[in-house]
Amino acid sequence: MVSRVIPVESFDLVIFGGTGDLARRKILPGLYRRFLAGQMPEDARVIGAARSDMDDDGYRAMVREAIEEFVSEQKRKPDVVEAFLGQLHYTAIDAKGEGGWDKLAKLVRKDVVQAFYFSVGPSLFGDLATRLHKHKIANPESRIVVEKPFGRDQDSAKALNAVLAASFDEHQIYRIDHYLGKETVQNLMAVRFANMLFEPLWNAQYIDHVQITVAETVGVGGRGGYYDKSGAMRDMIQNHLMQLLCLTAMEPPSQFEPDAVRDEKLKVIRALDPVAAENIVRGQYAADEDQASYIEHSENPESKTESFIAMKVDISNWRWKGTPFYLRTGKRLKARMSEIVIQFKEVPHSIFEEDAGSKANVLAIRLQPDEGMDLRVTIKEPGPGGMRLVDVPLDMTFAEALGPEGADVPDAYERLIMDVIRGNQTLFMRGDEVEAAWAWTDPIIEGWQKRGDKPAQYEPGTTGPEDALMLLHRDGRRWRELK
Ligand code: NAP
């Protein structure tokens, strides 16, 4: 199978925060890989912008190092790297001051696609939008890419939407959630809406429950101070897991088109029930012999912020009433694994003997480590000895099913940046979606604060607090193994 690379129009992409961690680890290596794939036009330009004083050569040297560190050796072709670096520029700018803006105005070309990536702390998003407008750098077709976190509650998200809206139209604003750029997440939509096999069964009548897990083995490490103000609910559930839930639960959009998809996701968010305290388990990781505890990492001995959360979420609509969605995410867990699991119901009546064994179908959509899908179906165990049933995988790991080309899929950031250049907002969150997600999240967080709830401690390298297991056990269900 040969992958198809469609070149994009020429562009000037300004990366505010072009010297920061995200730019070095994800954005610039991603752009290099698109360049290598032949997707980036030869006259496209990437302009790094931050306060540090640096010239183009200094910036190119920094990006060369980033490519060496974050691009696989197999993809580092010296002549291609040099050609890519030749398309990079740098300009010093202060988001909070007036210095550098006139120079940027002269640098950015008016006759190509203009994109401005806000890869800076969230307190600067508003300043950047306002100054781009004030200095007449942006035009009505320019795009801005806004990183997470988008607000910390509904009020702040509304305020940020209002500041951005004062300078940019909604069709110009790309709120990024890199989970939406993952190949498997888009494949979820292909599986649901391009096959007759699944969609008729995709409802409470046939699906027992859904599990969405995003598990990490790392702790908060050096980001403890930042993370402590956020926690798993704000950092993961409100955005990433919510987006995965929406794509799993939404009605078929009339077209695969930005507003049609986002309208359907918004309807799901609005149909989420409030979550009662007994349906949420929060945890903080303890220390082990290698690493400090969450409390030590957070440098706040009184911290009540959760590094783990598991919750049971009900959706009040015709499709899902009675089928819970269990969400869990946490740090320092047993395995690094992200997946969406659709657990089908058992057949209504088994025609086989009781001891034949019976298994319900499971569709697991893996986001990491290896992206792919696995459908478990029940068959007869081969050989004599009567009818014994076993469940076997119909595995569709992309690398195996599609050959090496199938495994060589663009990283989420690469794909999303190219979508920005193409002007396709389908995989980006709309302002009302983000506000609705906060409207659901806020009362949950306020409840913890009012009651002074403290997360339970859990051992690193486990599946989180015991109570998270109980959340499913009491419903006669169990979490999929973390592996
Ligand atoms: P970072 O490493 O702290 O980098 C911040 C960047 O902003 C630097 O280039 C810094 O350069 C620049 N900057 C700071 N103040 C500025 C100002 N007043 N004017 C212009 N530039 C300024 O942060 P990061 O980790 O890259 O994160 C950037 C954004 O991405 C944040 O919103 C973060 O939440 C989000 N994000 C990051 C990650 C990640 O993995 N790192 C993941 C998801 C989301 P100077 O100091 O030279 O100005």
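The structure displayed is predicted, hence computed values, not measured ones.

## Quick notes on the domain arrangement of the protein
- If you check the domain split of the protein, you get domain 1 (11-147) and domain 2 (180-420 + 429-474).
- Relative to domain 2, the C-alpha centre of domain 1 lies at a distance of 33 Å.
- Facing 15 residues of domain 1, the contacting portion of domain 2 comprises 8 residues.
- Both faces considered, domain 1 and domain 2 share a buried interface measuring about 1000 Å² in area, 66% of it formed by carbon and sulfur atoms.
- The interface formed by domain 1 and domain 2 contains 3 salt bridges.
- Residue Asp411 is joined to Lys26 by a salt bridge in which the shortest nitrogen-to-oxygen separation is 3.8 Å.
- Our count for the domain 1 to domain 2 interface comes out at 3 residue pairs in polar contact (both at pLDDT 80 or more).
- Secondary-structure elements contributing two or more residues to the side of domain 1 that touches domain 2 are α1 (21-36), β4 (113-118) and β5 (143-146).
- If one sorts the elements of the side of domain 1 that touches domain 2 by residue count, α1 sits on top with 7 residues.
- Of the residues that constitute the side of domain 1 that touches domain 2, the class distribution is 7 nonpolar, 2 polar and 6 charged.

## Thoughts on a nonpolar patch on the surface
- On the surface, Ile351, Phe352 and Met387 cluster together into a nonpolar patch covering about 300 Å² of accessible area.
- With respect to the helices, strands and loops of the structure, Ile351 is situated in the loop between β11 (337-344) and β12 (362-368).

## Regarding helix α6 (residues 154-167)
- For α6, spanning 14 residues, the distance from its first C-alpha to its last is 21 Å, which sits close to the expected 20 Å at 1.5 Å a residue.
- Buried within α6 we find Ala157, Leu160, Asn161, Leu164 and Ser167. An end-on view of α6 places all buried positions within 125° of arc, on one side of the element. Along α6, exposed side chains directed more than 90 degrees from the buried face belong to Asp155, Ala165 and Ala166.
- Where the residues of α6 are buried, they touch α5 (125-134), β5, β6 (173-175) and α14 (431-451).

## Describing the pattern of salt bridges
- Taken as a whole and judged by the stated rule, the model has 38 salt bridges.
- Linking Arg33 and Glu414 is a salt bridge whose minimum nitrogen-to-oxygen distance equals 2.6 Å. Remark: Glu414 occurs in helix α13 (residues 412-422) and Arg33 occurs in helix α1; sequence separation between them is 381 residues. Each member of the pair Arg33 and Glu414 is classed as buried.
- The salt bridge involving Arg319 is made with Glu199; its shortest N-O contact spans 2.8 Å. Of this pair, Arg319 sits in the loop between β9 (308-313) and β10 (325-330) while Glu199 sits in the loop between α7 (183-193) and β7 (207-215); the two residues are 120 residues apart in sequence, bridging distant segments of the chain. Note on accessibility: Arg319 and Glu199 belong to one class, buried.

## Observations concerning the site of the ligand
- In the vicinity of the ligand, 22 residues are found, and the nearest of them are Thr19, Asp21, Arg25, Ser52 and Val120.
- Within the backbone of Gly17, a nitrogen or oxygen atom sits 3.4 Å from an oxygen atom of the ligand.
- Here Thr19 contributes a side-chain N or O atom positioned 2.6 Å from an oxygen atom of the ligand.
- When the free accessible area of the ligand is taken as 890 Å², the share hidden by the protein chains comes to 74%.
- Counting residues per element, the shell around the ligand draws most heavily on α1, at 3 residues.
- Classifying every residue of the shell around the ligand gives 10 nonpolar, 6 polar and 6 charged.

## Let's talk about the environment of Val377
- Examined against the element boundaries, Val377 turns out to sit in strand β13 (residues 372-380).
- C-alpha separation for the pair Val377 and Leu394, spaced 17 residues apart in sequence, amounts to 7.2 Å.
- In this view, Val377 contacts Asn361, Val390, Asp391, Val392 and Leu394; residues no more than four positions away in its chain are not counted.

## Notes on the environment of Asp442
- Among the secondary structure elements, Asp442 is positioned in helix α14.
- Counting along the chain gives 372 residues from Asp442 to Phe70, while the straight-line C-alpha distance between them is 37 Å.
- In this structure Asp442 touches Arg152, Asp153 and Gln154, once residues within four positions along its chain are discounted.

## Let's talk about the packing of aromatic side chains
- Inspection of the entire model under this criterion finds 14 aromatic pairs.
- Note on Tyr326 and Trp479: the rings are 6.1 Å apart at their centroids and 75° apart in plane angle, and the pair reads as edge-to-face. Of this pair, Tyr326 sits in strand β10 while Trp479 sits in the segment after α15 (466-473); the two residues are 153 residues apart in sequence, bridging distant segments of the chain.
- Under the relative-accessibility criterion, Tyr326 is labelled buried at 0%.
- Three or more aromatic residues joined by ring pairs make a cluster, and in this case those are Phe16, Trp101, Phe116, Phe118 and Phe125.
- Across the ring face of Tyr179, the terminal group of Lys182 is positioned such that the distance to the ring centre comes to 5.4 Å.
- Positioned over the ring face of Trp448 is Arg282, at 3.9 Å from the centre of the ring.

The rules behind these values
- All residue numbers refer to positions counted from 1 along the written sequence of the respective chain.
- Side-chain atom pairs in this predicted model are given and counted only at pLDDT of 80 or more, local residue features only at pLDDT of at least 70, and totals for whole chains, interfaces and linings cover all residues.
- Side-chain metrics in this entry use all non-hydrogen atoms of the structure; hydrogen atoms and water are not considered.
- These domain limits were set by an automatic method or by a database of domain assignments.
- Residue contacts are defined here by distance: any two heavy atoms, one from each residue, within 4.5 Å place the two residues in contact.
- Once two parts are joined, some of their accessible surface, as seen by a 1.4 Å probe, is lost; buried area is that loss totalled over both.
- Salt-bridge detection follows one rule: a side-chain nitrogen of Lys or Arg within 4 Å of a carboxyl oxygen of Asp or Glu.
- Counted as a polar contact is a pair of N or O atoms within 3.5 Å, where, for protein atoms, one must be capable of donating a hydrogen and the other of accepting one, and residues adjacent in sequence contribute only when both atoms are in side chains.
- A run of DSSP states H or I qualifies as a helix once it reaches four residues; a run of E qualifies as a strand once it reaches two. Both are numbered from the N-terminal end.
- Three classes are used: nonpolar for Ala, Val, Leu, Ile, Met, Phe, Trp, Tyr, Cys and Pro, charged for Asp, Glu, Lys and Arg, and polar for all others, with Gly counted as polar.
- Residues qualify for a patch when their relative accessible area is over 30% and they have no salt bridge, like charges being joined within 9 Å and the nonpolar side chains of Val, Leu, Ile, Met, Phe, Trp and Tyr within 5 Å.
- Computed by Shrake-Rupley with a 1.4 Å probe, the accessible areas treat only the displayed protein chains as cover when residues are assessed.
- The span you would expect from a helix comes to 1.5 Å times its residue count less one.
- With a 1.4 Å probe rolled over the protein chains alone, any residue whose accessible area is under 20% of its type maximum counts as buried; one over 50% counts as exposed, and the rest are partly exposed.
- The arc in question is traced by the directions running from the helix axis to the C-beta atoms.
- Distances are taken per atom, and a residue is near a molecule or strand as soon as one of its heavy atoms is within 4 Å of it.
- Each Phe, Tyr or Trp ring (for Trp, its six-membered ring) is paired with any other whose centre lies within 6.5 Å, and the angle between the two planes then decides the class: stacked below 30 degrees, edge-to-face above 60, tilted in between.
- Two conditions define a charge sitting above a ring: the NZ of Lys or the CZ of Arg must be within 6 Å of the ring centre, and it must be within 35 degrees of the ring normal.

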